[in-house]
Amino acid sequence: MTTANDRRDRILILVFSAIGLLILPHILQSAGNFWVRIADFALLYVLLALGLNIVVGYAGLLDLGFVAFFAIGAYLYGLMASPHLSEEFAWFAQMFPHGLHTSIWLVVPLSAGVAGVLGILLGAPTLKLRGDYLAIVTLGFGEIIRVFMNNLDRPVNITNGPKGLGQIDPITFFRFEALGIPGIDLGRSHEVFGYTISSVTNYYYLFLVLVVVSVIICHRLEVSRIGRAWMAIREDEIAAKAMGINTRNMKLLAFGMGATFGGVSGAMFAAFQNFVSPESFSLTESVMIVAMVVLGGLGHLPGVILGAVLLSSLPEVLRWVSGVFDLQRMTDGRLDASILRQLLIALAMIIVMLLRPRGLWPTPEHGKTLPASGK
């Protein structure tokens with residue numbers, strides 16, 4: 001049973017963690033915006049990993065094409081918050097001469113909704129597939145979306161092909177043009193009481209809020225009847241069906257819920273980068289997101305967050321290390337820094353899987369030992 005001391009310790013941990021996360025970007029900003037940018041991308045990947053954890057960790061459905069929903073959200077935001085459509089279509093320019101520039105309050109729910117619907121459409125024809133077969137189908141879906149984004153520049157230019165979409169609006173809150181209120185532009189630095197808060201720090205707090213909300217949603221799903229049904233399907237689908245669980249609807253719900261996280265993450269990525277191109281949604285990205293979930297700990301929220309933070313920040317930290325020590329100059333060009341960085345990341349993943357096969361922070365195993373009954 002949870003004692004009062006345990007509850008007090010948990011509250012203290014939460015309070016100190018919250019304070020640490022709030023002051024973290026200011027500590028990193030003192031060393032340069034590069035480090036805050038790493039933290040921003042780490043939070044984005046946490047969002048992606050939380051979404052994929054619903055599909056892979058809770059429902060046990062191996063999805064290798066999750067990056068497709070990331071791309072859908074990014075391109076949807078790019079089309080609705082840039083002048084691209086007005087520049088390419090005369091009839092569209094007549095209605096919106098300067099582009100659509102849609103509010104973030106509309107684009108983000110729309111990105112989540114469109115990605116969720118496509119997630120259900122992906123899951124519908126794969127309901128009877130398991131394991132490797134499901135992985136191959138989802139892998140193909142992810143590649144199809146990337147190829148579409150890369151080639152939808154002719155005969156009608158929708159995505160601008162490999163050139164990508166630029167001039168994407170940053171996120172702005174509380175803007176009312178009719179009243180002359182410019183709002184809070186997260187893409188610009190702001191000065192508060194003489195202290196300058198950079199744009200990357202602004203996005204850090206936005207992404208942090210989204211991560212906190214996502215963690216709460218995932219936790220509530222995990223302890224709900226839906227979460228227990230997903231886990232029953234993961235452990236034994238035949239037994240779950242025999243117990244009266246509608247496995248078809250539960251699988252579709254897992255695909256749809258996970259995809260919504262990908263759509264929101266993609267919209268945030270496009271707003272943060274102000275540019276999207278098909279290169280950002282390759283198979284490598286999808287595999288890395290799966291690796292974050294598996295290395296962290298399947299189905300365990302703290303483990304998934306830890307895996308996402310480590311695997312997203314480690315490459316950039318190694319990039320900084322190779323730049324500081326100038327490995328190519330030290331080895332007279334015989335050692336390429338980028339190849340060494342990839343080698344070290346792969347080696348770290350292998351070591352983790354050998355030493356911790358259930359992940360860095362796996363789900364606690366319940367029922368293995370029974371507590372001694374006090375008499």
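As shown above, the structure is provided for reference.
Residues numbered from 1 in each chain as written. Predicted model: local features only at pLDDT ≥ 70, side-chain atom pairs only at ≥ 80, totals over all residues. Heavy atoms only, no water.

## Description of the overall build of the chain
Regarding its fold elements, the chain presents 15 helices and four strands. Against the 2.2 N^0.38 benchmark of 21 Å for 375 residues, the chain shows a C-alpha radius of gyration of 22 Å, consistent with a compact globule. Each principal axis of the C-alpha atoms in the chain carries an extent, and together these give about 80 × 55 × 50 Å. Counting the 375 residues in the chain, one finds 43% classified as buried. Across the chain, contacts joining residues at least 24 apart in sequence account for 71% of those joining residues at least 6 apart. If you sum the accessible surface of the chain, you get close to 20400 Å²; carbon and sulfur atoms cover 67% of it. Within the chain, one finds 26 positive and 24 negative side-chain charges whose respective centroids are separated by 10 Å. (Helix = DSSP H or I, 4+ residues; strand = E, 2+ residues; numbered from the N terminus. Rg over C-alpha atoms; globule rule 2.2 N^0.38 Å. Buried < 20%, exposed > 50% of the residue type's maximum accessible area, 1.4 Å probe, protein only. Contact = heavy atoms within 4.5 Å. Areas by Shrake-Rupley, 256 points an atom, 1.4 Å probe, with all protein chains shown as cover. Lys, Arg positive; Asp, Glu negative; His and termini not counted. Charge placed at Lys NZ, Arg CZ, Asp CG, Glu CD.)

## Section: the side chain of Thr247
Residue position: Thr247 is located in helix 11 (residues 247-273). Residue class for Thr247 comes out buried when judged on its relative accessible area of 8%. The contacts of Thr247, once residues within four sequence positions are left out, are Ile233, Glu237 and Lys241.

## Let's talk about the packing of aromatic side chains
Throughout the structure, instances matching the rule amount to 18 aromatic pairs. With a centroid separation of 5.4 Å and an interplanar angle of 75 degrees, the aromatic rings of Phe41 and Phe272 are classed as edge-to-face. One end of the pair, Phe41, is in helix 2 (residues 33-58); the other, Phe272, is in helix 11, and 231 residues separate them in sequence. A relative accessible area of 6% places Phe272 in the buried class. Arranged with centres 5.7 Å apart and planes meeting at 40 degrees, the rings of Phe69 and Phe141 form a pair that is tilted. Of this pair, Phe69 sits in helix 3 (residues 67-80) while Phe141 sits in helix 7 (residues 131-151), and the two are 72 residues apart along the sequence. When sorted by exposure, Phe69 lands in the same class as Phe141, which is buried. (Phe/Tyr/Trp six-rings, centres within 6.5 Å; stacked < 30°, edge-to-face > 60°.)

## Some points on the environment of Ile72
When you line up the elements, Ile72 lands in helix 3. With a relative accessible area of 8%, Ile72 lands in the buried category. Once the C-alpha coordinates of Ile72 and Arg146 are considered, the two residues, 74 residues apart in sequence, prove to be 9.4 Å apart. Those residues in contact with Ile72 that sit more than four places away from it in its chain are Val114, Leu118 and Ile145.

## Notes on unusual backbone geometry
Generally, phi is negative for residues other than glycine and the peptide bonds are trans, each holding for most cases. Here the residue pair Arg154 and Pro155 is connected by a cis peptide bond, since its omega of -5 degrees sits within 30 degrees of zero. Within the secondary structure layout, Pro155 lies in the loop between helix 7 and strand 1 (172-173). A positive phi angle, near 55 degrees, is found at Gln167, a position not held by glycine. Turning to its location among the elements, Gln167 is positioned in the loop between helix 7 and strand 1. Given a relative accessible area of 57%, Gln167 falls into the exposed group.

## Focus on the environment of His26
Following the sequence through the fold, His26 ends up in helix 1 (residues 4-31). Taking C-alpha positions, His26 is 39 Å from Leu118, a pair spaced 92 residues apart along the chain.

## What about the side chain of Glu237?
Inspection of the secondary structure puts Glu237 in helix 10 (residues 237-242). Discounting residues that sit within four places of it in the chain, Glu237 has contacts with Arg130, Ala232, Thr247 and Lys251.

## Comments concerning the pattern of salt bridges
A full pass over the atoms with the stated rule returns six salt bridges. Salt-bridge contacts for Arg188 lead to Asp185; the nearest nitrogen and oxygen are separated by 3.5 Å. Using a relative accessible area of 58% as the deciding quantity, one classes Arg188 as exposed. Linking Glu237 and Lys251 is a salt bridge whose minimum nitrogen-to-oxygen distance equals 2.9 Å. Linking Glu237 in helix 10 with Lys251 in helix 11, this pair joins segments that are 14 residues apart in sequence. Residue Glu237 is classed as buried on the basis of its relative accessible area of 13%. (Salt bridge = Lys/Arg side-chain N within 4 Å of Asp/Glu carboxyl O.)

## Details of the packing of helix 3 against helix 6 (residues 104-123)
Running from amino to carboxyl end, helix 3 crosses helix 6 at an angle of 145 degrees, the nearest separation of the two axes being 9 Å. For the pair helix 3 and helix 6, the sense of crossing is right-handed. Here helix 3 contributes Phe69, Ile72, Gly73, Leu76, Tyr77 and Met80 to the contact with helix 6, which in turn contributes Ile104, Val107, Leu110, Ser111, Val114, Ala115, Leu118, Gly119 and Leu122. Tallied by class, residues from the contact of helix 3 with helix 6 come to twelve nonpolar, three polar and no charged. (Axes fitted to C-alpha atoms, helices over the stretch in contact; angles between N-to-C directions. Left-handed = near helix turned anticlockwise from the far one by under 90°. Nonpolar A, V, L, I, M, F, W, Y, C, P; charged D, E, K, R; others polar.)

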